[in-house]
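Results of the structural survey
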Amino acid sequence: MNADCWSVIKASECDVDLEYFTPLSLCSRSRRTGQYNVQRGKAAGAALGSSSGKAPYQRCSSQDSLDEQAMVDYFKEVEIIQRSGDAETQEDLQLKVADEGEQEEAWLMEAGLATLFDESASDGEDGIVLLSTLTRTQAAAVERRVETLKQTLRKRNKPYSVPDVREIFKPSPASQSKDEAGSTERSGSSKQEVEGLGMLGNGAGPDAPGGGADSETDINLEVSFSEQALIYKEGLKVTQPQNEADDRLPDFKVSQDKTGQTRVGDLSAEDMKKVRRLVLIEMSALFDTCGIEVKAHKALKVKVRESGLFGVSLSTLLEQDQRRIPGTKVPLILQHLISHIEEQGLDTEGVLRIPGAATRVKAVCHELEHKFYESMFPWESLKQHDAASLLKLFIRELPYPLLTVEYFNAFISVLKLPTKKQQLQALNLLLLLLPEPNRDTLKALMEFFQRVIDHKDRNKMTLNNVAVVMAPNIFMCKGFRSKISEQQEFAMATGTANIVRLLVRYQNLLWTIPKFILNQVRKQNMENQRKMNRDRAVKKLLKMMYDRERASNKQEKFENVRGFIRVQAPQFSMVSMAVQLTEDLKASDVLTRFLSQERTLSVKRDDLCLYEMGGNIKERCLDEETYIKALLELNPTAEWVIKSVQH
């Protein structure tokens, strides 16, 4: 079975996004013969170099924009990928676009709102709570899809129980007075109203840090991205996306948040489920606000290998790896290839760009398949450029795109957004939507690419150079050039390279959870707690628990009154300690205090984390720059626990 990849069959000559895309076969390994047909090394590069009138792999130290001159390496890489295909002809696999109405049903189900069209759905209560936390643009995204579904069912003369969109967001009598105060989240239209959207005291407002975010380089994480896009749109600020060189990409600034940054992996699985649903709604709202339609495609069902290294799905690879090393999040073969390239030195000129020898790479593929898991593979004999070729082959051979079938088109559509800031915000949301194996693997690759770029003075691999070489391996495949014109091909090339540039350059911002999303999760948790507290049986149970723990809590309450917090450490010999609460107390200070008293501890500092637990969050590993007092104001009933973490 061939690996699947994606190519344009319709594209604007001036735009880089795809209206539609179709899978095409990339026969880099024949399942019948077991033979790998990979790039023909220097011959391909030399041919392309001579055809363009340049010596092969001639480098340019300038950082001009991604024009035709800068894209020479891109098309060299495309040629290498095309030459790597098998001679065996395979039928193209077609990717079906969801039928009318089917896409809306799938979207509502994924957003946890299936109850809006199916009364028997199990997410009824959770869906109601979710709806109560939405901003006006998020609510509009839900309303749009519900209305489209209603119209579709009406056309088909099918019975349906889809509610009127006006009823979906109608507040209950008990909450109406409370919701009226915050109704500007969905009905306000002025910039001042949106800046006041702060939930749970998040401080978003004209005078709050990051609240205004008027500058094009200021990133506001406290106000919904789609609300900010609406402000931009209503202000009639219309510009065309620019393809700056990496020395001209904006240095985006994020105002310091005293409650700490939340990175992917810091939250519990239960809260991440809520995050994902909110992010899906927010991403759709952002594209809707900007007038961009993103057509989702059905996940492709293909027969794939059930074991091995190349051409195996990420989930299968991780199952294999976790049986050997529990907790593995990035495929071991990819980790070893990255480590080997780095061990041989990142100063090597052309690393990632210059292909390995075809015959050697082919032989190494077979040898790795048979010897990798037995720890018998002779890594010392593997040349650096061969290892880089294997890394790119691994990405191309994945049976499903690393960016997934479902969101591949959305990634391409990012470049239709009018500003770099909005493109960055959309990428942030899309990365949070990726399945965990894909997100973690992509993150490992982007971190590796940055380490390569850090040595650009010697290896001549700048951000632009890395982006144009890796973009075809992530986005393109054999055969796409036969489907589009040269102008469309060039637009696709520069577009995908620019997406890779953004992913690498801003990775420290992209793999984080925006505060407005986290605040919506907190609000959902608070609403769920209120519902539980209204249940008489739960009230009775809580009273019994309160009476039982009252004595043990008396000392802790006394400490809080006196300006102390109780920090638990159940994994260690020092079960708990009291820490004085000051304005400047940070999570790092708590850990330092703990380590100074737990002198026999064998765990490294980097493997410890202070967690915020309970209250309006299930569990959150705190950024060491988090100010405890500020967070306590946001979550007054939280508990503080020190635990070891696995990186």
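Refer to the preceding data block for the structure.
All figures in this text were calculated on a predicted structure; none of them were measured in a lab.

1. A short note on the pattern of salt bridges
Side-chain pairs of opposite charge can arise whenever the charged atoms involved come near each other. Counted by the stated rule, this structure contains 25 salt bridges. Here Asp251 makes a salt bridge to Arg505, at a shortest N to O gap of 2.7 Å. Placement of the pair is Asp251 in the loop between α10 (225-234) and β4 (253-254) and Arg505 in helix α21 (residues 486-505), with a sequence separation of 254 residues. Taking relative accessible area as the criterion, Arg505 reaches 27% and is therefore assigned partly exposed. A single network of salt bridges, built from pairs that share partners, joins Glu270, Asp271, Lys274 and Lys618.

2. A short note on the nonpolar core
By size, the foremost hydrophobic cluster in this structure holds 121 residues, and its most contacted members are Val142, Leu368 and Leu391. Membership of the second largest hydrophobic core comes to 24 residues, among which are Phe572, Leu581, Leu585 and Leu608.

3. A word on the packing of aromatic side chains
Here the structure, examined in full by the defined rule, presents 10 aromatic pairs. When the centroid spacing of 5.2 Å and the interplanar angle of 65° are considered together, the rings of Phe252 and Tyr506 count as edge-to-face. Linking Phe252 in the loop between α10 and β4 with Tyr506 in the loop between α21 and α22 (507-510), this pair joins segments that are 254 residues apart in sequence. A residue is classified by how much of its surface remains accessible, and Phe252, at 13% relative accessible area, is buried. Counting every residue linked through ring pairs, the aromatic cluster contains Phe372, Tyr373, Phe377 and Trp379.

4. Concerning the pairing of strand β9 (residues 639-644)
Pairing geometry for strand β5 (residues 564-568) and β9, over 2 bridges, is parallel. Residue pairing in the sheet places Gln568 in a bridge with Val641 of β9.

5. Looking at the environment of Glu110
In this structure, Glu110 sits in helix α3 (residues 102-110). Exposure remark for Glu110: the relative accessible area of 32% places this residue in the partly exposed category. Along the chain, Glu110 and Leu280 lie 170 residues apart, while their C-alpha atoms are 8.0 Å from each other. Beyond its immediate chain neighbours, meaning those up to four positions away, Glu110 contacts Arg276, Arg277, Leu280 and Tyr407. Among the polar contacts made by the side chain of Glu110, one reaches the side chain of Arg276 at a distance of 2.9 Å. In terms of polar contacts, Glu110 uses its side chain to reach the side chain of Tyr407, at 2.4 Å.

6. Focus on empty space enclosed by the protein
Evaluated as defined, the whole model comprises 5 cavities of 30 Å³ or more. What the second largest cavity holds in volume is close to 80 Å³. Of all the secondary structure elements, the ones that give two or more residues to the lining of the second largest cavity are α17 (420-433) and α22. Among the elements that take part in the lining of the second largest cavity, α17 stands out by supplying 3 residues, more than any other. Grouping the constituent residues of the lining of the second largest cavity by class yields 6 nonpolar, 3 polar and no charged.

7. Considering the state of the cysteines
Throughout the structure, instances matching the rule amount to 1 disulfide. Residue pairing for Cys609: its cysteine sulfur links by disulfide to Cys621, the two sulfurs lying 2.0 Å apart. Disulfide Cys609-Cys621: torsion about the S-S bond near 120°, hence right-handed. Here Cys609, found in strand β7 (residues 608-614), pairs with Cys621, found in strand β8 (residues 617-621); they are 12 residues apart in sequence, far enough to count as distant. Here Cys621 falls in the buried class, since its relative accessible area comes to 13%.

8. Quick notes on helix α18 (residues 436-453)
Counting along an α-helix, one turn takes 3.6 residues, and residues three or four places apart therefore face a common direction. Along its 18 residues, α18 runs 26 Å from first to last C-alpha, staying within 8% of the 26 Å computed at 1.5 Å per residue. Among the residues of α18, Asn438, Arg439, Asp440, Thr441, Leu442, Ala444, Leu445, Met446, Phe448, Phe449, Val452 and Ile453 are the ones counted as buried.

9. As for helix α14 (residues 358-371)
Taking 1.5 Å as the rise per residue, α14 with 14 residues should run 20 Å; its terminal C-alpha atoms sit 20 Å apart, in good agreement. Burial in α14 covers these residues: Val361, Val364, Cys365, Leu368 and Glu369. Buried residues along α14 cover an arc of 135° about the axis, so they all sit on one side. Exposed and facing more than 90 degrees away from the buried side of α14 are Thr359 and His370. Of the surrounding secondary structure, the elements contacted by the buried residues of α14 are α13 (332-343) and α15 (384-397).

10. Observations regarding the sheet that holds β7
Across the sheet, 5 strands lie side by side as β6-β5-β9-β7-β8; this open sheet has mixed pairing. Two strands lie at the open edges of the sheet, namely β6 (576-580) and β8, each paired on one side alone. Neighbour-to-neighbour, the strand axes of the sheet open up by a mean angle of 30°, direction not taken into account. Across 5 bridges, the pairing between β5 and β6 is antiparallel. Bridging from a neighbouring strand, Val567 pairs with Met577 of β6.

11. As for the packing of α13 against α18
Put simply, α13 and α18 touch, their axes get as near as 11 Å, and they point 5° apart. Judged on the interaxial angle alone, α18 and α13 are roughly parallel. Along its contact with α13, which presents Leu334, Ile338, Ile341 and Glu342, the element α18 presents Thr441, Ala444, Leu445, Phe448 and Arg451. When the residues that make up the contact of α13 with α18 are grouped by side-chain class, the tally is 6 nonpolar, 1 polar and 2 charged.

The rules behind these values
Residues numbered from 1 in each chain as written. Predicted model: local features only at pLDDT ≥ 70, side-chain atom pairs only at ≥ 80, totals over all residues. Heavy atoms only, no water. Salt bridge = Lys/Arg side-chain N within 4 Å of Asp/Glu carboxyl O. Helix = DSSP H or I, 4+ residues; strand = E, 2+ residues; numbered from the N terminus. Buried < 20%, exposed > 50% of the residue type's maximum accessible area, 1.4 Å probe, protein only. Core = buried A, V, L, I, M, F, W, Y, C linked by side-chain atoms within 4.5 Å. Phe/Tyr/Trp six-rings, centres within 6.5 Å; stacked < 30°, edge-to-face > 60°. Pairing = 2+ DSSP bridges. Contact = heavy atoms within 4.5 Å. Polar contact = N/O pair within 3.5 Å; in protein donor to acceptor, adjacent residues only side chain to side chain. 1 Å grid on protein atoms, 1.4 Å probe; cavity = no way out; pocket = protein on both sides within 12 Å on 5 of 7 lines; lining within 4 Å. Points joined across faces, edges and corners; volume = space filled by probe spheres on them. Nonpolar A, V, L, I, M, F, W, Y, C, P; charged D, E, K, R; others polar. Disulfide = S-S within 2.5 Å. Expected span 1.5 Å × (residues − 1). Arc of directions from axis to C-beta. Axes fitted to C-alpha atoms, helices over the stretch in contact; angles between N-to-C directions. Parallel < 35°, antiparallel > 145°, perpendicular 65-115°, else oblique.

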